Amino acid sequence: MKNGFMGVFDIASVTKTLALCILSIGSYLIYKLYLLSKQINKHTALKISKTFIFITIFLYIISFGTLIHALVNWQEPGILNFTLGFHIISSIFDITWIIMVRNRINLIAGANRGDKLWLNPFITSLLHVVYMQHKINQGLAKNATEYQR
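Residues numbered from 1 in each chain as written. Predicted model: local features only at pLDDT ≥ 70, side-chain atom pairs only at ≥ 80, totals over all residues. Heavy atoms only, no water.

Chemist: I'm lost on the overall build of the protein chain in this one. Help?
Modeler: Across its full length, the protein chain holds 5 helices and 0 strands. Each helix (α) and strand (β) of the protein chain, taken in turn from the N terminus, gives the series α-α-α-α-α. Considered along the principal axes of its C-alpha atoms, the protein chain spans approximately 65 × 30 × 25 Å. For the protein chain, with 149 residues in total, the buried portion stands at 39%. Restricting to contacts in the protein chain with at least 6 residues of sequence separation, those with at least 24 account for 69%. Total accessible area on the protein chain stands at roughly 9100 Å², and carbon and sulfur atoms take up 67% of it. When the 14 positive and 5 negative side-chain charges of the protein chain are each reduced to one mean point, those points stand 9 Å apart. (Helix = DSSP H or I, 4+ residues; strand = E, 2+ residues; numbered from the N terminus. Buried < 20%, exposed > 50% of the residue type's maximum accessible area, 1.4 Å probe, protein only. Contact = heavy atoms within 4.5 Å. Areas by Shrake-Rupley, 256 points an atom, 1.4 Å probe, with all protein chains shown as cover. Lys, Arg positive; Asp, Glu negative; His and termini not counted. Charge placed at Lys NZ, Arg CZ, Asp CG, Glu CD.)

Chemist: When you look at helix α4 (residues 79-109) in this model, what are you seeing that I'm missing?
Modeler: Within an α-helix, residues lying three or four positions from one another point in the same direction, as the helix has 3.6 residues per turn. The end-to-end C-alpha distance of α4 is 44 Å, a good match for the 45 Å that 31 residues give at a rise of 1.5 Å each. Immediately downstream of α4, the backbone of G110 shows phi near 70 degrees, a positive value. (Expected span 1.5 Å × (residues − 1).)

Chemist: It is not clear to me how the side chain of K32 should be interpreted in this structure. Could you clarify?
Modeler: Positionally, K32 belongs in helix α2 (residues 27-43). Every residue in contact with K32, bar those within four places of it in the chain, is listed here: A12, V129 and Q133.

Chemist: What should I look at first to understand the nonpolar core in this one?
Modeler: Looking at soluble globular proteins, one finds that nonpolar side chains tend to be buried together. In terms of nonpolar packing, the biggest core is built from 31 residues, with F9, V101 and I105 touching the most fellow members. Listed by contribution, the elements that provide at least two residues to this core are α2, α3 (50-72), α4 and α5 (121-148). The leading source of residues in this core is α4, at 7 residues. Not counting the four nearest positions on each side in its chain, V101 is found in contact with L33, L36, S37, I40, I48 and M132. (Core = buried A, V, L, I, M, F, W, Y, C linked by side-chain atoms within 4.5 Å.)

Chemist: How should I be thinking about the packing of aromatic side chains in this particular structure?
Modeler: Counting across every chain of the model gives 5 aromatic pairs. Look at F52 and F93: their rings are 5.7 Å apart centre to centre, the planes differ by 25 degrees, and that puts the pair in the stacked class. Of this pair, F52 sits in helix α3 while F93 sits in helix α4; the two residues are 41 residues apart in sequence, bridging distant segments of the chain. A relative accessible area of 25% means that F93 is categorised as partly exposed. Measuring from ring centre to ring centre gives 5.9 Å for Y60 and F64, while their planes differ by 20 degrees; the resulting arrangement is stacked. (Phe/Tyr/Trp six-rings, centres within 6.5 Å; stacked < 30°, edge-to-face > 60°.)

Chemist: Honestly, the packing of α2 against α4 in this entry has me stumped. Any pointers?
Modeler: The relative placement of two packed helices comes down to the angle between their axes together with the axis-to-axis distance. As a packed pair, α2 and α4 sit with axes 11 Å apart at the nearest point and diverge in direction by 40 degrees. When the axis of α2 is compared with that of α4, the two are oblique. When the axes of α2 and α4 are compared, the crossing they make is left-handed. Residues I30, L33, Y34, L36, S37 and I40 of α2 touch α4, and the partners they reach there are D94, W97, I98, V101, R104, I105 and I108. Classifying every residue of the contact of α2 with α4 gives 10 nonpolar, 1 polar and 2 charged. (Axes fitted to C-alpha atoms, helices over the stretch in contact; angles between N-to-C directions. Parallel < 35°, antiparallel > 145°, perpendicular 65-115°, else oblique. Left-handed = near helix turned anticlockwise from the far one by under 90°. Nonpolar A, V, L, I, M, F, W, Y, C, P; charged D, E, K, R; others polar.)

Chemist: Explain a nonpolar patch on the surface here, please?
Modeler: A grouping of F122, I123, L126 and L127 is seen on the molecular surface, where their side chains present a nonpolar patch of about 390 Å² in accessible area. By the element assignment, L126 lies in helix α5. We classify L126 as exposed; its relative accessible area is 54%. (Patch = residues over 30% accessible without salt bridge, like charges linked within 9 Å, V, L, I, M, F, W, Y side chains within 5 Å. Salt bridge = Lys/Arg side-chain N within 4 Å of Asp/Glu carboxyl O.)

Chemist: Even after reading the chapter, I still don't get α2, so can you show me in this structure?
Modeler: Counted at 1.5 Å a residue, the expected span for α2 with its 17 residues is 24 Å, and the 25 Å between its end C-alpha atoms agrees. Along α2, the residues that are buried comprise Y28, L29, I30, K32, L33, L36, S37, Q39, I40 and N41.

Take a look at the structure:
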């Protein structure tokens with residue numbers, strides 16, 4: 001396993017990541033998690049199951065579709081319960097995936113609680129991939145500075 005972010009992750013704009021997450025109504029979050037997972041799986045022994053990723057993306061698509069259906073058919077009384085069930089299941093898988101990626105990024109960084117590159121669980125739960133990208137950018141900037149010495 002490589003030590004640090006160099007060669008595993010790429011620098012990306014945090015502002016662009018935030019804007020895309022908002023403009024895509026959260027769909028970019030799933031795409032970014034997929035990209036991060038792909039990079040983790042390619043460069044480390046800390047694999048995230050492709051089956052788990054596929055199931056999570058599938059559930060997200062179903063949840064998103066049922067949400068749109070519920071908004072279009074808001075007058076139907078039973079539609080909310082149907083949509084809510086898919087959303088809860090999808091959210092459990094999404095949160096699990098976020099935690100898996102977060103934990104692997106912490107391991108790749110060699111970061112422990114209180115370290116500069118450690119991904120705080122509370123902030124990660126609020127900002128997801130935006131915060132992850134911020135910490136990745138910090139780690140890559142730190143590696144570049146150390147490499148220049």
